[in-house]
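Observations on chain architecture
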Amino acid sequence: APARRKSEYRTIKKAHAPIRPVVRGSAWHIVRISMPKCASWACSAAMAFNVTASLFSGFTSSSYTSECFAHSGNRGCTSNESQLLFGNTSGLQTQPTHPKGRIIVLGARGGDDKPKGSEHRGDTIPICNALIDQGWWAQPVFYSDTAHDLILRYASSEVDGYISRVNPDVYDDFTVSRYDSLLGVLHSTHGLAAMAHPLLIQKFGAKDALAKIAPLRTGLPDTMAYYDAETWRAKFPGTLSQGPRVVKQNRGSQGEGIWIVRLKDGQEHLYRKQNQLPLDTELDLTEAVDNHKEYKTLGEFITFAEQYLAGGAANGAQLIDQAFMPRITEGEVRVLMIGDSPVEILHKKPKEGGISATLKSGAVYTKYAPDAPEFERLMHSFIDRDLDKLLHVLEMDDQPLPLLWTADFILGSPKPPWIDGKDYYFIGELNCACVGITTQLHLTPIVAKQAIKVAEQHRLKVKAPKHEL
């Protein structure tokens, strides 16, 4: 699975010491207890699940009432169910008496994306209030493995859609695969509009999306995806022989495991002289997370990078190999999207002498309106020419574009040596896992309007008569 599943792997590894809940006031806290070690991950995961299930006996599915439904306005939910599902919803406006529709906004307790003193993300309640302002019923709901069955029942009737607002992180009582499964069932079985479908989140976040979008106007043609060590070892000495490369692992974030690979100073004359470089070729390596440098031979780097392929393609292991574009020193351009509409452009310029565009590395961020003349060419290429093809190349034609998402672009040229002074833009990353707008709450009415549009279109699709062939 992609980067967002990294937390799940860590959770499984830690299953040798399962968890148990402890009630402190009205909140559930997780502590770890000592257990004998298992011989395998499967055994550990099973032990953790069974122990956790038995210890959460206060909230078993049999203890739920049959009246806790969204369509009843939460009136049938017990106090325990309300605490488990909703937590503290201070600031949530009064729901409409006769709503035009219903949407639940799913989140998770804990994590580092919550403001101090709040259980919910800083943009969750405002998004719900923007929906309420437009006549829709909107309820924030906490997902946990304990609440899994209750949520399925709660949203099983007269709910038009869900908005997933779970940031990739490590959470107590939270298994990513179970959460993804719940989203899938809400969509396919109960007919909720998915914002976004878990498979779409996965395909947007996986680095091999860059290889799939290579044929687009804003796709970088010289992009390779590797899923096994054998192909990586066979191909990379050839691609590097043609010029500097960027190698990206699938599970990294904020530049972690993204390497700019060049020949060591004084060996640049070797580019484009042969089809394969020898394994003893000396390399200059820069990791984007903090711009630090390392030096290895080609053979050493190939062996080093094989760690990113551990676990196999089925578990999201992959490497992306792209031509390096020197104009990265001018920064990255992030386009914030709500559905099919660009709402903001952010220019992320690395600090002097650097190439990383993360805040951690000292990059400077400047905001622009989506119609800023500086980015007219980018908007034409991406919005006018590529946007209607994006879901098709990602094999997700049956889903709408994500509610909130971003596309990061790098300046370059469509032909080697990847620099000619013209402003060509190439996608370097897509993300729709949980794009935050806590500092851009003025966008919540637009988010609500788009969510309503998606829910209403899906409602018509679900109710449309099915014609037999």
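Structural notes, computed from the coordinates. (Residues numbered from 1 in each chain as written. Predicted model: local features only at pLDDT ≥ 70, side-chain atom pairs only at ≥ 80, totals over all residues. Heavy atoms only, no water.)

1. Digging into the packing of aromatic side chains
Applying the stated criterion to the full structure yields 16 aromatic pairs. Judged by centre distance (5.3 Å) and plane angle (50°), the ring pair of Tyr 171 and Phe 174 falls under tilted. Above the face of the Phe 324 ring, Arg 262 is positioned so that its terminal group lies 5.0 Å from the ring centre. The ring of Tyr 424 has Arg 377 lying over it, and the distance from NZ or CZ to the ring centre is 4.4 Å. (Phe/Tyr/Trp six-rings, centres within 6.5 Å; stacked < 30°, edge-to-face > 60°. Lys NZ or Arg CZ within 6 Å of the ring centre and 35° of its normal.)

2. Describing the state of the cysteines
Within the structure shown, the criterion is met by one disulfide. Cys 68 shares a disulfide with Cys 77; S-S distance 2.1 Å. Its torsion about the S-S bond being 85°, the disulfide of Cys 68 and Cys 77 is classed as right-handed. Classification of Cys 68 as buried rests on a relative accessible area of 0%. A relative accessible area of 12% places Cys 77 in the buried class. (Disulfide = S-S within 2.5 Å. Buried < 20%, exposed > 50% of the residue type's maximum accessible area, 1.4 Å probe, protein only.)

3. So, helix H11 (residues 376-393)
With 18 residues, H11 should reach 26 Å at 1.5 Å per residue; the first-to-last C-alpha distance of 24 Å fits that figure. The axis of H11 is deflected most strongly, by about 65°, at Asp 386. Of the surrounding secondary structure, the elements contacted by the buried residues of H11 are helix H7 (198-205), strand E13 (332-338), strand E14 (341-349), strand E16 (404-412) and strand E17 (424-431). At the exit of H11 stands Glu 395, carrying a positive phi of roughly 60°. (Helix = DSSP H or I, 4+ residues; strand = E, 2+ residues; numbered from the N terminus. Expected span 1.5 Å × (residues − 1). Bend = angle between axes of the 7 residues up to and from the residue. Contact = heavy atoms within 4.5 Å.)

4. A word on the sheet that holds E13
The five strands lie next to each other as E15-E14-E13-E16-E17, forming an open sheet whose pairing is antiparallel. Because the sheet does not close on itself, it has two edges, and the strands there are strand E15 (364-368) and E17. Looking at each pair of strands side by side, their axes are set apart by 25° on average, direction ignored. (Pairing = 2+ DSSP bridges. Axes fitted to C-alpha atoms, helices over the stretch in contact; angles between N-to-C directions.)

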